[in-house]
Amino acid sequence: METKVEPEFQSALTTYAKDHAEPAWSLELRQKMLTQYPTLPLPRYEKIDYQKWDLLNATKPVTTISDADLTDDLNIDFAASKNLLVEVGKSVMAAQLDPALAAQGVIFTDIFTAMRDYPELVEKYYMKTAVKADNNRLTAFHAAFMNGGAFLYVPKNVAIKDPIQAYYIQDSTRKQDFVPHVLVIAEEGSELTYHENLSTSGTESNLANIVVEVIAKDNAHVHFSAVDQLSGKTTTYLNRHAILATDATVDWAVGFMNDGNVVGDFSTDLRGKGSHTEVKVVAITTGKQVQGIDTKVTNYGQHTIGHILQHGVILEDSTLTFNGVGHIVKGARGSDAQQESRVLMLSTTARGDADPILLIDENDVTAGHAASVGRVDEGQMYYLMSRGISKKVAERLVIRGFLGSVITEIPSKTVRERLTATIERKLENGQKSESDS
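Residues numbered from 1 in each chain as written. Predicted model: local features only at pLDDT ≥ 70, side-chain atom pairs only at ≥ 80, totals over all residues. Heavy atoms only, no water.

Enquirer: For this particular structure, what's the right way to read the overall build of the protein chain?
Expert: Along the protein chain, the regular secondary structure elements total nine helices and 19 strands. Taken against the 2.2 N^0.38 rule, which gives 22 Å for 437 residues, the C-alpha radius of gyration of the protein chain at 21 Å falls within 12% of a compact globule. Principal-axis analysis of the C-alpha atoms gives the protein chain an extent of 65 × 55 × 45 Å. Counting all 437 residues of the protein chain, 58% fall into the buried class. Put simply, 82% of the contacts in the protein chain that link residues at least 6 apart link residues at least 24 apart. Of the roughly 17300 Å² of accessible surface on the protein chain, 48% is carried by carbon and sulfur atoms. Charged side chains of the protein chain number 43 positive and 57 negative; the gap between the two group centres comes to 2 Å. (Helix = DSSP H or I, 4+ residues; strand = E, 2+ residues; numbered from the N terminus. Rg over C-alpha atoms; globule rule 2.2 N^0.38 Å. Buried < 20%, exposed > 50% of the residue type's maximum accessible area, 1.4 Å probe, protein only. Contact = heavy atoms within 4.5 Å. Areas by Shrake-Rupley, 256 points an atom, 1.4 Å probe, with all protein chains shown as cover. Lys, Arg positive; Asp, Glu negative; His and termini not counted. Charge placed at Lys NZ, Arg CZ, Asp CG, Glu CD.)

Listed below in structure tokens is the structure:
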């Protein structure tokens, strides 16, 4: 993993920032992190060995325009979507917000427009609260080379009924890094639903470094869902981190359906008293890919609740690691930390791990965990195949049932349907690859 800083990157970043009319603080942060990132340590995660992956071999940042036709495969209904952001590579193809929400002070736009139009508001939170720029080498790299993303701001006591939808499409028709940053701020008493979609168009080998920050103020409620479908030629660092204030709630529903190598850093800090998070993750790995997902909930405030539910399926020669980390710190009395991580293996050459970690520094709490790694139930398979169902279809039915216990817990019907369709595609592609090999 290369960590050198080429001198021409300094001037290239300055030009790139000026092309986007970034405020002075943004360029200053870029230049500082460009110099600093090679000196910082890589983050370490239990049983996830990614250190030799190509995550730091940056391409020189330049302003490019992507083809709008790269959105065609997604079948996005631009006309019917009230609140929509579509980015292809470094180009914004659509930015729509219901005028009624804009009149209430809601902001939803691409990150560069937000920096220009609301520089003080963005600066207050950007890589300072949830994910700090100098946390580690990969976050500092992100701060230096960020080239897209979104800003979503919901004012005090504003409840958004219709979902906010964002599509971030990696343009791999050319050699370029994919470094989007998403910043979500839910002010006191607000509520929102945000759906995020990551995908790739093109066949070039590229790196992705994605950071999402969610700040939920007192009594705010954020419903966050994501379906990640980056290509087999994309090597990805993905960091999603939320900070919750008093009585705030963040519901996560994330599908790791990528085809390439991924290290996922997925954290929630329950800072305020009575804050609550429900984290639901499903993942499928195929081919020779490696996905390592480190999911952590830290209970800082009293009477906080953090629940993690992760189910994954492994096909072919792939590897999937689930780390579930629940940490109740000293003073977080009356808190609850629960987690379940289960991995289903459909191949004798696959490798899987479900690693539960509980760190309890307080006595007056409840905590528990469950973890398992196993193969498809032969009894279930025999029952289905004895009724004339093919082996491939029987496997998919068993897998649907295994992942369904997580999917049914997701409140949004739209998210459930989207995730189910993505799972079906991923399973069919994985089974086809097994047949062809």
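Picking up where we left off.
Enquirer: Would you explain the nonpolar core in this entry?
Expert: In a soluble, globular protein the nonpolar side chains are often hidden away together inside. In this structure, Leu152, Tyr168, Leu192, Tyr194 and Val214 are the most contacted members of the largest nonpolar core, which totals 53 residues. The greatest single-element share of this core, amounting to five residues, is contributed by strand 8 (residues 206-216). Residues contacting Leu192, with those up to four places away along its chain left out, are Leu152, Val154, Ile160, Val184, Ala186, His221, Val222 and His223. Ala133, Val179, Leu183 and Ile243 belong to the second largest nonpolar core, which has 47 residues in total. (Core = buried A, V, L, I, M, F, W, Y, C linked by side-chain atoms within 4.5 Å.)

Enquirer: Can you help me understand the pairing of strand 13 (residues 276-285) in this one?
Expert: Successive residues of a regular strand alternate their side chains across the two faces of the sheet. Counting buried residues in strand 13 gives nine out of 10 residues, a clear majority hidden from the surface. One ladder, built from 10 bridges, connects strand 13 with strand 15 (residues 305-314); its direction is parallel. Directly across from Ala283, in strand 15, lies its bridge partner Gly312. (Pairing = 2+ DSSP bridges.)

Enquirer: Looking at this model, I keep getting lost on the environment of Gly388. Mind explaining?
Expert: Summarising the element assignment, Gly388 is placed in the loop between helix 7 (378-385) and helix 8 (391-407). Look at Gly388 and you get exposed, because its relative accessible area is 69%. Taking the C-alpha atoms as reference, Gly388 lies 37 Å from Ile308; in sequence the two are 80 residues apart.

Enquirer: Please clarify how the packing of helix 2 (residues 24-36) against helix 6 (residues 137-145) should be interpreted in this entry.
Expert: Axis separation between helix 2 and helix 6 bottoms out at 7 Å; the angle between their running directions is 140 degrees. Comparing their axes, helix 6 and helix 2 come out oblique. Where helix 2 crosses over helix 6, the two elements pack in a sense that is left-handed. Counted together, Leu29, Arg30, Met33 and Leu34 of helix 2 and Ala140, Ala143, Ala144 and Phe145 of helix 6 form the full contact between these two elements. (Axes fitted to C-alpha atoms, helices over the stretch in contact; angles between N-to-C directions. Parallel < 35°, antiparallel > 145°, perpendicular 65-115°, else oblique. Left-handed = near helix turned anticlockwise from the far one by under 90°.)

Enquirer: Would you explain the sheet that holds strand 9 (residues 221-229) in this entry?
Expert: Sheet strands line up and pair through hydrogen bonds in the backbone, either parallel or antiparallel. With respect to topology, 10 strands assemble into an open sheet ordered 2-1-5-7-9-11-13-15-17-19, the strand pairing being mixed. Looking at strand neighbours, the two that pair on one side only are strand 2 (91-96) and strand 19 (366-375), the edges of this open sheet. Adjacent strand axes in the sheet meet at a mean angle of 5 degrees when their direction is disregarded.

Enquirer: When you look at the packing of aromatic side chains in this model, what are you seeing that I'm missing?
Expert: Given two aromatic rings, their pairing is described by the distance between the two centres and the angle made by the two planes. Under the criterion given, the structure shown has 11 aromatic pairs. Centroid distance Tyr16 to Phe112: 6.1 Å. Interplanar angle 70 degrees. Geometry classified as edge-to-face. Of this pair, Tyr16 sits in helix 1 (residues 8-19) while Phe112 sits in helix 4 (residues 111-117), and the two are 96 residues apart along the sequence. Both residues of the pair, Tyr16 and Phe112, belong to the buried class. For the pair Phe141 and Phe145, a centre-to-centre distance of 4.7 Å together with 40 degrees between the ring planes defines the contact as tilted. One end of the pair, Phe141, and the other, Phe145, are both in helix 6, four residues apart, so they sit about a helical turn from each other. The pair Phe141 / Phe145 is uniform in exposure class, with both members buried. Positioned above the aromatic ring of Tyr300, the side-chain terminus of Arg271 is 3.8 Å from the ring centre. (Phe/Tyr/Trp six-rings, centres within 6.5 Å; stacked < 30°, edge-to-face > 60°. Lys NZ or Arg CZ within 6 Å of the ring centre and 35° of its normal.)

Enquirer: Which parts of the structure should I look at to understand helix 2?
Expert: Three or four residues apart is the spacing at which side chains of an α-helix point the same way, because the helix has 3.6 residues per turn. For helix 2, with 13 residues, the first-to-last C-alpha span of 18 Å sits near the 18 Å given by 1.5 Å per residue. Considered for burial, the residues of helix 2 that qualify are Trp25, Ser26, Leu29, Arg30, Gln31, Met33 and Leu34. Contacts from the buried residues of helix 2 go to helix 1, helix 4, helix 5 (119-125) and helix 6. (Expected span 1.5 Å × (residues − 1).)

Enquirer: Which parts of the structure should I look at to understand the packing of helix 1 against helix 2?
Expert: The description of two packed helices rests on the angle between their axes and on the distance between the axes. Close contact between helix 1 and helix 2 brings their axes to 10 Å; oriented N to C, the two are set at 160 degrees. Our classification of the angle between helix 1 and helix 2 gives roughly antiparallel. In this structure, helix 1 meets helix 2 at a crossing whose hand is right-handed. Counting all contacts with helix 1, which are made through Phe9, Gln10, Leu13, Thr14, Tyr16 and Ala17, the residues of helix 2 involved are Leu27, Arg30, Gln31, Leu34 and Thr35.

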